[in-house]
Amino acid sequence: MTGFLKGTATAMITPFRTDGGVDFGSFGAMIEYQIAGGTDMLVILGTTGEPATMTEEEKTAVMEFAVKKAKGRIKLVFGCGSNCTAHAVETAKKAEKIGADGLLAVTPYYNKCTQNGLIAYYRSICEAVNLPVIAYCVPSRTGVNILPATMAKIAELPNMAGLKDASGNMSQTMETLRLIRGKCDLYSGEDALNLPILAVGGSGVISVLSNLVPADVKKLYNLVQEGNRAEAFALADKLLPLAQACFIEVNPIPAKAAMNLLGFSAGLPRAPLSEIEPANAARLREAMIAYGLEVKA
């Protein structure tokens, strides 16, 4: 299927209180910030949301809160991926029941299935629900790559909406696009490559950077769609140093630090992730100020 997302989605952080619990008040404020910034879709409990260190009860509560808070004002996609297909299927069913508009399913990790295993994994998830499903390729984190020929087969699944491409390999991205055009969409999953992926036919972006600057990430998408090359290049050039600063340490460590600097109560990442190193915190702060953001903390 095509057309599920034509625009920008934010890979949301999950804010934690000082006692370690989910800070729902802050999470609600972040949802409102995204809606006000023009974001088209929220991706919740993806990599950036730290679901790997959250309990099933916490994840359920986060999904239920988001559905209640958003009240149909913005699309909600919940992460359901797992290194266990049965667990991914059960999570997908739960998300559908709670009220998700779509699902994000990262490739299985650690046990490193084959390409045929990937096809079977996505088929199982897609057949279990009546929601659009987005496959997520991020081999730097999972150790598993969705090869273009494999994605071409996955794209045949009726409710496969697209691929979040964080492969970092533009040659692979181009080949994948060639093979899936008209079957399902491809979204940039790497902020440094948002412009080139949109330029070659990406249907949207799923962005970490838009936690900070949702309106500008959306503006970049609009400029590309309008064919305004000069302004798109200028905005991409401005965004790039900020995007690089947001990945100065493993995601979401810098993103959470940045949201704290903007005045949101993002809290700290959960162990084994740690608080941003002081030198990197200084570089992140400098990048935010250079961008023109008002640093409050």
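Residues numbered from 1 in each chain as written. Predicted model: local features only at pLDDT ≥ 70, side-chain atom pairs only at ≥ 80, totals over all residues. Heavy atoms only, no water.

Looking up the protein chain in an unreviewed UniProt entry gives the name 4-hydroxy-tetrahydrodipicolinate synthase, with the organism given as Candidatus Scatosoma pullistercoris. Listed under Pathway (unreviewed entry) in UniProt, the entry text for the protein chain is "Amino-acid biosynthesis; L-lysine biosynthesis via DAP pathway; (S)-tetrahydrodipicolinate from L-aspartate: step 3/4." (UniProt positions renumbered as here; feature names shortened; annotations may be inferred.)

> What is the right way to look at the pairing of strand S7 (residues 185-188) in this model?
Successive side chains on a regular strand alternate, one facing one side of the sheet and the next facing the other. Judged by which residues are buried, S7 turns out to be covered on both faces: Asp185 and Tyr187 on one side and Leu186 and Ser188 on the other are all buried. Judged from the four bridges that link them, strand S6 (residues 160-165) and S7 form a sheet pairing that is parallel. The partner of Gly162 across the bridge, within S7, is Asp185. Read as a crossover between parallel neighbours, the route from S6 over helix H7 (residues 170-180) to S7 is right-handed. (Buried < 20%, exposed > 50% of the residue type's maximum accessible area, 1.4 Å probe, protein only. Helix = DSSP H or I, 4+ residues; strand = E, 2+ residues; numbered from the N terminus. Pairing = 2+ DSSP bridges. Right-handed = clockwise from strand over helix to strand, strands pointing away.)

> What's the story with the pairing of strand S5 (residues 133-137) in this structure? I'm lost.
The element S5 is extensively covered by neighbouring structure, given that five of its five residues are classed as buried. Along S5, one buried face is formed by Val133, Ala135 and Cys137 and the opposite face, lined by Ile134 and Tyr136, is buried too. Summarising the sheet, strand S4 (residues 102-106) and S5 pair through four bridges and their orientation is parallel. For Leu103, the partnering residue across the bridge sits in S5 and is Val133. You can see the chain leave S4, run along helix H4 (residues 115-128) and come back into S5, and the turn it takes is right-handed. Relative to S6, S5 runs parallel, the two sharing five bridges. Paired with Ala135 across the two strands is Leu163, which belongs to S6.

> Please clarify how the nonpolar core should be interpreted in this entry.
One recurring pattern in soluble globular proteins is that nonpolar side chains are buried together. With 104 residues, the main nonpolar core has Ile44, Tyr122, Met160, Leu212 and Met288 as its most contacted residues. If we ignore the near neighbours within four places in the chain, the residues touching Met288 are Leu212, Leu242, Ala258, Leu261, Leu262, Leu293 and Val295. (Core = buried A, V, L, I, M, F, W, Y, C linked by side-chain atoms within 4.5 Å. Contact = heavy atoms within 4.5 Å.)

> When you look at unusual backbone geometry in this model, what are you seeing that I'm missing?
What you tend to see is this: most non-glycine residues have negative phi, and most peptide bonds are trans. With an omega of 10°, the peptide bond running from Asn251 to Pro252 counts as cis. Tracing the sequence through the fold places Pro252 in the loop between helix H10 (229-245) and helix H11 (253-261). The omega torsion of the bond from Ala271 to Pro272 falls at 15°, within 30 degrees of zero and hence cis. Notably, Leu45 is not glycine yet its phi reads approximately 70°, a positive angle. Tracing the chain through its elements places Leu45 in the loop between strand S2 (41-44) and helix H2 (56-70).

> Hey, could you run me through the environment of Val106 in this one?
Within the secondary structure layout, Val106 lies in strand S4. By relative accessible area, Val106 is classed as buried at 14%. Separated by 36 residues in sequence, Val106 and Ala70 place their C-alpha atoms 24 Å apart. Once residues within four sequence positions are removed from consideration, Val106 is found in contact with Gly81, Ser82, Tyr121, Tyr122, Tyr136, Val138 and Thr142.

> Sorry, what's going on with the UniProt feature "active site" (unreviewed entry) in the protein chain here?
Cross-referencing UniProt, the feature "active site" (unreviewed entry) maps to Tyr136 and Lys164 in the present numbering. Spanning 29 residues, the annotated positions come together in the fold, the maximum distance between their C-alpha atoms being 4.7 Å. Within the secondary structure layout, Tyr136 lies in strand S5. If we skip the residues at most four places from it in the chain, Tyr136 touches Thr47, Leu104, Ala105, Val106, Thr107, Tyr122, Ile146, Leu163, Lys164 and Ala166.

> Explanation requested: the UniProt feature "site: Part of a proton relay during catalysis" (unreviewed entry) in the protein chain in the structure shown.
In the numbering used here, UniProt assigns the "site: Part of a proton relay during catalysis" (unreviewed entry) feature to Thr47 and Tyr110. Locating Thr47 in the fold gives a position in the loop between S2 and H2. A relative accessible area of 25% places Thr47 in the partly exposed class. The residues touching Thr47, leaving out its near neighbours within four places in the chain, are Tyr136, Arg141 and Asn251. The topology assignment puts Tyr110 in the loop between S4 and H4. Apart from residues lying up to four places away in sequence, Tyr110 is in contact with Asn83 and Thr142.

> Got a minute to help me understand the sheet that holds strand S1 (residues 7-11) in this structure?
Think of a sheet as strands paired side by side through backbone hydrogen bonds, with each pair either parallel or antiparallel. Overall, parallel pairing links the eight strands, which are arranged S1-S2-S3-S4-S5-S6-S7-S8 in a closed barrel. Mean inter-strand twist for the sheet, computed between neighbouring axes without regard to direction, equals 25°. Bridge count for S1 against strand S8 (residues 204-207) is four bridges, and the pairing is parallel. The partner of Thr10 across the bridge, within S8, is Ser207. Across the sheet, H2 is in contact with S2 and strand S3 (75-79); its angle to S3 comes to roughly 175°. Where H7 meets the sheet, its contacts fall on S5, S6 and S7, and the angle it forms with S7 comes to roughly 155°. (Axes fitted to C-alpha atoms, helices over the stretch in contact; angles between N-to-C directions.)

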